[in-house]
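# Remarks on the overall topology
Now for the letters of each chain:
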6 protein chains.
Amino acid sequence: MNSTNKQRYFPWKDRPDNCGEAIWRDSANPIIGRNPIPAALRIYNSAVVPYKDGYVAVLRADYRDGMPHLHLGKSRDGINWQIEHGQIVFESRQGMPGVGAFAYDPRVTRIDDTFYITWCNGYHGPTIGVAYTKDFETFIQLENAFLPFNRNGVLFPKKINGNFAMLSRPSDNGHTPFGDVFYSESPDMCYWGRHRHVLGTTKLWWESTKVGAGAVPIETPEGWLLIYHGVMNTCRGFVYSMGAALLDLEQPWKVLARGNKALMGPETDYEISGHVPNVLFPCAAVHEESSGRIAVYYGAADTTTCLAYTTIKHLTDFIKANS
Amino acid sequence: MNSTNKQRYFPWKDRPDNCGEAIWRDSANPIIGRNPIPAALRIYNSAVVPYKDGYVAVLRADYRDGMPHLHLGKSRDGINWQIEHGQIVFESRQGMPGVGAFAYDPRVTRIDDTFYITWCNGYHGPTIGVAYTKDFETFIQLENAFLPFNRNGVLFPKKINGNFAMLSRPSDNGHTPFGDVFYSESPDMCYWGRHRHVLGTTKLWWESTKVGAGAVPIETPEGWLLIYHGVMNTCRGFVYSMGAALLDLEQPWKVLARGNKALMGPETDYEISGHVPNVLFPCAAVHEESSGRIAVYYGAADTTTCLAYTTIKHLTDFIKANS
Amino acid sequence: MNSTNKQRYFPWKDRPDNCGEAIWRDSANPIIGRNPIPAALRIYNSAVVPYKDGYVAVLRADYRDGMPHLHLGKSRDGINWQIEHGQIVFESRQGMPGVGAFAYDPRVTRIDDTFYITWCNGYHGPTIGVAYTKDFETFIQLENAFLPFNRNGVLFPKKINGNFAMLSRPSDNGHTPFGDVFYSESPDMCYWGRHRHVLGTTKLWWESTKVGAGAVPIETPEGWLLIYHGVMNTCRGFVYSMGAALLDLEQPWKVLARGNKALMGPETDYEISGHVPNVLFPCAAVHEESSGRIAVYYGAADTTTCLAYTTIKHLTDFIKANS
Amino acid sequence: MNSTNKQRYFPWKDRPDNCGEAIWRDSANPIIGRNPIPAALRIYNSAVVPYKDGYVAVLRADYRDGMPHLHLGKSRDGINWQIEHGQIVFESRQGMPGVGAFAYDPRVTRIDDTFYITWCNGYHGPTIGVAYTKDFETFIQLENAFLPFNRNGVLFPKKINGNFAMLSRPSDNGHTPFGDVFYSESPDMCYWGRHRHVLGTTKLWWESTKVGAGAVPIETPEGWLLIYHGVMNTCRGFVYSMGAALLDLEQPWKVLARGNKALMGPETDYEISGHVPNVLFPCAAVHEESSGRIAVYYGAADTTTCLAYTTIKHLTDFIKANS
Amino acid sequence: MNSTNKQRYFPWKDRPDNCGEAIWRDSANPIIGRNPIPAALRIYNSAVVPYKDGYVAVLRADYRDGMPHLHLGKSRDGINWQIEHGQIVFESRQGMPGVGAFAYDPRVTRIDDTFYITWCNGYHGPTIGVAYTKDFETFIQLENAFLPFNRNGVLFPKKINGNFAMLSRPSDNGHTPFGDVFYSESPDMCYWGRHRHVLGTTKLWWESTKVGAGAVPIETPEGWLLIYHGVMNTCRGFVYSMGAALLDLEQPWKVLARGNKALMGPETDYEISGHVPNVLFPCAAVHEESSGRIAVYYGAADTTTCLAYTTIKHLTDFIKANS
Amino acid sequence: MNSTNKQRYFPWKDRPDNCGEAIWRDSANPIIGRNPIPAALRIYNSAVVPYKDGYVAVLRADYRDGMPHLHLGKSRDGINWQIEHGQIVFESRQGMPGVGAFAYDPRVTRIDDTFYITWCNGYHGPTIGVAYTKDFETFIQLENAFLPFNRNGVLFPKKINGNFAMLSRPSDNGHTPFGDVFYSESPDMCYWGRHRHVLGTTKLWWESTKVGAGAVPIETPEGWLLIYHGVMNTCRGFVYSMGAALLDLEQPWKVLARGNKALMGPETDYEISGHVPNVLFPCAAVHEESSGRIAVYYGAADTTTCLAYTTIKHLTDFIKANS
């Protein structure tokens, strides 16, 4: 039977017999197709977390005017989603920068009983917006974590050295042609420092243009398991693939092992055609502790939301075999 | 029954029941597919006008050498087309610039009993070629309207303030990364002046890179109804969508209302794949006065010719609801 | 004695004995240095015309905020200038585009008893502003001649084929890396047409990037004598030199002869250092009919105003010897 | 029956009745699809030669890390391939540059009883790697033919004027936006000289950005028959099409005739979608002397390997009809 | 007599009689010329603070290998400098990023009895290095304030709202073609947050490309007096000028008034020629509280160190007159 | 006394007492100023060799049309030059590429009794032209050494491993923003091969953009002494400095030692202002074997020809001290 705990179903498909890969797609992809709600043309690059007896998602919804906003989704099984038609409303302190003209590529991280949302927030350029909720009804926005220009802010699911810890990818104000992953700490989610370089691009073409954190890291005995995106530049623009690495548990800016191959690249019709073809962008990895199973939510072609499956063992084996 | 006047059939499909959009595609799209005539690989971004008991089209035909030329098409129903295998031949006065090495993206405007053709004409760079015909047999070329570099010249279907009036989009000599719509007048189709700015790009991503006039404006009690294209820049190049605005009847450079959302964006297979994917480019809007029905001819992916349907009411409601 | 007519002094220095060039600098250059008036840091790229018993200038004055505006200057000898501290005020009809946020590189052309000023006027990008005065006290602004983007609009000093005639250099909205000279006509200084290509860039490096009309053409028996600028691109940016050509008197878009060498390039300290080094930019050529003497006013390094001297014979010999 | 000589089958499909083109696709395309071997995501842009009673291929295999390497393939019919799972191992002299970090777009040329492989080899940038084999078991690498940056080195199948002869396309170190075909000779496959320009880009858009040699030239009575690629730049990147030309038999740098139209452009789903959409890249033309039949192997969308068919007569007729 | 306090001389020249500007140069400029110490070709863009009975400087010294490093200088009069031949040695905690391969454009801010040095520090790109000293003998390096890419970090000379406060200009990893000034706070000089936008570029050309904080702000009754640099882009590269603004004392991210003109631009020989011509870059403003006199230290042409003089009254009058 | 051999004067100035540098300028620089001959505006980046009782130079002469050509110069003392007014005429075999539309940056290398001239020759882009003379009266042009795009071809003054040997810097077709030095061999000056990488750019800013061979290498017991240029990119374009390295005598592609600092950078007025400011470009190093003295001829600012002096000992000490 395909459920977790007593009450929560875990989204899962077994690996097809003829598949030798470390990760495999759901044949029912995309799980959220075009025009999912009246306001939005496309929902993708979105975050999912277990909540109560099901799942909650913070979704990137591209409106008909091209602007991305954050919406809430709810699901019992992690596959079929009820998506709210209005944006998430964030409360913020007077005088603080709020949600900008654009809000995209959200991640959600549970730390104890609080769910932190990080996203690319527009404030005189892209930077990392931060908010939290305990009930997915009231959302409190905090200070933007960093100065512009930054994207792909991903929090660790517990404090490191007593501090909150975040990965991010400093950027420029356009379609950034470079990008490394850095680590930063904060005692209070207001002030951030102790910036450390984590992952750079390599000479391997699949990740030679930029790399950015994808899903919230998963704690394993062998280190923090990070699913990230690597970008290659072709004569027709960027290609985004998925990669994986293990970071030190105590000093996560130290890379213990890093898969030198793409875990998965754009290949299916829904990944190679769409609003921005050949983009495969992971934003969440739901993890079932008892079994080690992982459901990776990723955006395909900046158009739809898809699911792929793997396990902690598959990923750590992949990383070690390809380091 | 689906005809107009006594003798002319109007191309039309009713809005599907499950569609809440202001405009909807013909399910038989594309109506002109690849390799439509021996000389041409692709016909798209083309103009259609009612003529006699049917329709005439001035078509952009991309030849096997990559160069675009203008061809004539004829149709009884506006859907099935007989396309001439040879280019349109324009007569022009001695010493005047004629048709250039390339001719593309034509529009046709009827003013009284004369049909004016405007297109992107090659003369030391792209500029606006102008010609007229009364019978679609003899075509007289006039002076190019403007200095290079210009594209998307669209005439109003009647004189404004006693003058011919044209919209155009000043450009550069490449894949112009900027572009606003301007208005100009001419007493004689030879000399042009009184240039006014009409529509600029906005901060809304779908039209943040450039905007250009699409179809010949339709006169309505609420203003000139303009279907235009808006362009967004992604890390894989431009995306062209369709938008709509209402211009002042007397002073068409004054924008009365402008839909801040894309009316329709590239979404179907034939729009998101092709020679230049994700381009949706309207060049004509055939209008049935009695019913308010509009058939929009648009190019898809710089590859095929397609049809979408709307009405004056749908469009004006859309514009007003989204201003 | 060094004067013209009865009362007007002609600015002039004889060619130095050791100089074999077709044009030679005034050793007193620059004649207008830095910070010439309180409002302006630099005056350069400016127009001069004989008026009454002396000279009048329309000057490009760069303000401390970097914005260029037009000022009036008066001089008895064409060398020492009284410069007005306030901008020229143009009257224009209600609803017409006026002087933009920037106004630069003016030329002044006398046609009969009217002085027409053309300049690069800001109207949603650079275009050609036009105005006239009969007394240099009242200035009436007309319609911008063209759509953006255009620069270096230069009127012929008499009508051609019954029309006003203008040279211009279509541009883009930045530091345009291309540029040819075109010819256009207008019956009324409002509507412009009959656009013809005149001068393109060549493979000769000194004018391989762009060319633009400089001074108002001088009518000679051998054709219109045009002093123009040619631009070369180096690894440190553009270098502007001065060239010369002869255009057909009746059909000025036909080039009768064109000097294939630079007439004069940036060489002196005040030409190779300054706000924009290595720019030598002619905007006026005052001509003494009786003697054939010509005083060329040019901007040096976008910083100062300078004078060089030549004669019709020197120039036409130069052109013919180097065609 | 569809075989050549006694023992070798020739890959072939007759031209469909409704097809009037000079070249036609195999309806079973692609013949090598995605993920053909465990190590590689994509095999394309590859070379095929008859060998013994079947065919041998030197294949471009893109690994999961994005890096391309050369693999060997074997086939009885030229359509179904057994592909080796490991890279080709080249022996080279001590101190000589070997196979670089990347190796792609191979061609194989038989000269007498030796098979020469040329490919884009990484040595401080892309340059032309050269190797030979007599048995496809032992491969001896020679000196790189040229200094970087170069791509698309294609050997002639016999010596010209007593020398080896190679076409190549000098490049830069990125997605080169220019490119002409040059000819070079070598007495010994070590030192190269007598460089001559062969084919440049033209003003025809399909080949206006760059051109490069495709398949090994085929000797015909009318000249060397060269299938090449022509590249056009769109607002969504490059489009690669296939063209053809005839070169002088004795002085192959002299172009006898050149088809001014694309022989075939990207059109099918597998050509217009994929890793790099709209790339159609011929690397081999297997030729049956007795019949004049030609099987062209080409890469589609940098993703798959495809086959198209033509004959010497079809190609020479095409070239002559379109010169 | 020209000294401050009992013992400290204040560098000063009275405004020349013929000068009407708000700021004036020292006629003895540059005060530090080329090749000032054996290791360095150029010293410029440097910080000066009063210390004991004289002045101390933290200097940007460009070595012969092109790399910039920080050196210490000492002076009795602020004009004549003894410059140490070796770099400043910073002590830093194990595992913390230290001084990078490059260190440039330092500022020094005294807060109570501690001198904080901020500079552009190389750590996987330019970011803001921070260190302090109490005696200019021992220097303790702290955490880099921000993630890359950042430049021009300038501390306020006292805590704001109980926190340290810094201005900075987020950048990219090259010759950044954009740039606004932001404000950030830190409770401990380790973690930074509460990021606020302060100054953006304007449409005024002198500061239309980027703006960055220059000298440590001076507290005045009318607000924090900020001298900053504004950058214009010409066809020969950037031009850096000096501007001034008043920021709110309590909420310094609020701009009370901003001079819309350049205070001073590159004009003298030593400013318009050199390693990077036309750069005028203020990094320090020594202020004599009793008199309101200010000595501004600025780099000229990325080559030499210069002095200009003004007063609080001149600057505030300038700002108010030009807001 | 300041002469070499019996009859030849060696151009030389002793090092000034106050100079601690490894190389020092001639205070009489530039030795060839602007407008040196009627046809040319500028002579620079030129080659000098001892010949008979004096010196011969092959000079880059920029004509008034911007095009560079090669001229011959003769001098008794290496300082005062008689420059021929006409270009050098090269004889070449029928059908071979001759001198292109441009010819620049020559070097001259004596091998035995033959003088080889290499230069940047225009042949469908810049490449390396080669010619020889025995008497500086008859010049025989050989094949271009390489395919375009290449610049800075410099021959070794004797055969290496029995072959001619050349350094060059592969380029692109514009103001190349990258560039390494490679080594190639030829048995016959017709065919070239055995290409090896020699010198790359480094992270040191002075040579971080490109490096290219300068003067003909000088054989010393410690290796081939190479004076080269290193280029840095600033926000105002490239800066060219001079560097030095020692290459292995037998295998010159092996770098024995390389000075990591600029030997000399643009600093004087004639180096930092001119046609292309901040370019210091060495093309010849005349060497007096008996004394070890070296006279380096370099172009300054693409405008004039200058001299600097050093010795083998100074250079080798410099290299070793800074490796």
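Treat the numbers as computed from the prediction; the structure is a model and nothing was measured. Residue indices follow the written sequence of each chain, beginning from 1 at its first position. Working convention: letters from A go to chains and numbers from 1 go to ligands, in the order in which they are written. Totals for whole chains, interfaces and linings use every residue, but because this is a predicted model, local features are given only for residues with pLDDT of at least 70 and side-chain atom pairs only at 80 or more, for both listing and counting. The side-chain quantities take in all heavy atoms of the structure and omit both hydrogens and water.

As a further point, take the overall build of chain A. Per the convention used, a helix needs a DSSP run of H or I reaching at least four residues, while a strand needs a run of E reaching at least two, with both numbered from the N terminus. Looking only at helices and strands, chain A features two helices and 24 strands. The atom set for the radius of gyration is the C-alpha atoms, and the globule formula is 2.2 Å times the number of residues raised to the power 0.38. The C-alpha radius of gyration of chain A comes to 18 Å, within 12% of the 20 Å expected for a compact globule of 323 residues. The rule is simple: take the accessible area with a 1.4 Å probe, protein chains only, and divide by the maximum for that residue type; under 20% is buried, over 50% is exposed, in between is partly exposed. Burial status across chain A gives 70% buried among its 323 residues. The Shrake-Rupley method, run with a 1.4 Å probe, gives the accessible areas here. Residue values count only the displayed protein chains as cover. Accessible surface computed for chain A: about 10,500 Å², of which carbon and sulfur atoms make up 48%.

Residues and elements named next belong to chain D. Tracing the backbone through its elements, the reader meets P217 in the loop between strand 17 (210–213) and strand 18 (218–220). Taking relative accessible area as the criterion, P217 reaches 2% and is therefore assigned buried. Considered as a pair, P217 and F156 are 61 residues apart in the sequence and their alpha carbons are 6.1 Å apart. Excluding anything up to four places from it in sequence, P217 contacts V154, L155, F156, P157, L167, W224, L225 and L226. A contact between two residues is defined here by any heavy atoms of the two lying within 4.5 Å.

This part covers the interface of chain E and chain A. Contacts between chain E and chain A engage 34 residues on the former and 34 residues on the latter. Take the accessible area each of two parts loses on contact, using a 1.4 Å probe, and add the two losses: that sum is the buried area. In this assembly, chain E packs against chain A so that about 2,700 Å² is buried in total across both faces, 58% of it on carbon and sulfur atoms. By convention in these notes, a salt bridge is any Lys or Arg side-chain nitrogen within 4 Å of a carboxyl oxygen on Asp or Glu. The tally of links from chain E across to chain A stands at four salt bridges. Of the charged contacts, one joins A:R194 and E:E143 as a salt bridge, the two residues approaching to 3.5 Å between their closest N and O atoms. Each polar contact in these results corresponds to two N or O atoms within 3.5 Å; when the atoms are within protein, one needs to be able to donate a hydrogen and the other to accept it, and residues that are neighboring in sequence are counted only if both atoms are side-chain atoms. The tally of links between chain E and chain A comes to 16 residue pairs in polar contact (both at pLDDT 80 or more). Elements represented by at least two residues in the side of chain E that touches chain A include exactly strand 14 (164–170), strand 15 (181–186) and strand 16 (191–199) of chain E.

Remark: the centre distance and the inter-plane angle together describe each pair of aromatic rings, the angle taken between the planes. Only rings of Phe, Tyr and Trp enter the pairing, Trp through its six-membered ring, and a pair is recorded when the two centres are within 6.5 Å. The plane angle decides the type: under 30 degrees is stacked, over 60 is edge-to-face, the rest tilted. Tallied over the full model, the rule gives 138 aromatic pairs over all chains. With a centroid separation of 6.5 Å and an interplanar angle of 80°, the aromatic rings of E:W81 and E:Y297 are classed as edge-to-face. In this pair, E:W81 sits in the loop between strand 6 (68–75) and strand 7 (82–87) while E:Y297 sits in strand 23 (residues 293–300), placing the two residues 216 residues apart along the sequence. Here E:W81 and E:Y297 have matching classes, each one buried. By way of ring pairs, the aromatic residues A:Y51, A:F90, A:F115, A:W119, A:F136 and A:F139 are connected into one cluster. Two conditions define a charge located above a ring, namely a distance within 6 Å from the ring centre to NZ of Lys or CZ of Arg, and an angle within 35 degrees of the ring normal. Positioned over the ring face of B:Y55 is B:R8, at 5.8 Å from the centre of the ring. Sitting above the plane of the C:W253 ring, C:R196 keeps its charged end 6.0 Å from the centroid.

The subject of this paragraph is the pairing of strand 4 (residues 40–51) of chain E. All names here are of chain E. With respect to burial, strand 4 is a largely interior element, 11 of its 12 residues being buried. The pairing criterion is simple: DSSP has to find at least two bridges between the two strands. Of the pairings in the sheet, the one linking strand 4 to strand 5 (residues 54–63) comprises nine bridges and is antiparallel in character. Within strand 5, the residue paired with R42 across the bridge is D62. Joining the antiparallel neighbours strand 4 and strand 5 is a turn of two residues, in which K52 adopts a positive phi near 50°.

Confidence of the predictor in every single residue is expressed as pLDDT, which spans 0 to 100. Here chain A averages 96 in pLDDT, and 98% of its residues register 70 or above. As a predicted assembly, this complex carries a pTM of 0.96 together with an ipTM value of 0.95.

Let us now look at unusual backbone geometry. With an omega dihedral of 10°, the bond running from E:P148 to E:F149 counts as a cis peptide bond. Along the polypeptide, E:F149 turns up in the loop between strand 12 (139–141) and strand 13 (150–155). Note the cis peptide between F:N29 and F:P30, where omega equals -10°. With respect to the element layout, F:P30 can be found in the loop between strand 3 (24–25) and strand 4 (40–51). Non-glycine residue D:N278 carries a positive phi angle of around 65°. Mapped onto the elements, D:N278 comes out in the loop between helix 1 (269–272) and strand 22 (280–288).

What connects the two chain copies is a rotation about an axis and a shift along it. A residue counts toward the fit only if its pLDDT is at least 70 in both copies, and the copies are then superposed by least squares on the C-alpha atoms of those residues. For the pair chain B and chain D, the best superposition has an RMSD of 0.0 Å and corresponds to a rotation of 120° with a translation of 0.0 Å parallel to the axis. Considering both components of the superposition, the chain copies are consistent with a three-fold axis. Taking C-alpha positions as the reference, the residue of chain B nearest the rotation axis is B:R236, at 3.5 Å.

Right, let's get into the relation of the copies chain E and chain A. Superposition record for chain E on chain A: RMSD 0.0 Å, screw rotation 180°, translation along axis 0.0 Å. Given the turn and translation reported, the copies of this chain are related as if by a two-fold rotation axis. Mapped onto chain A, 100% of the interface residues of chain E again fall at the interface, so both copies present the same surface.

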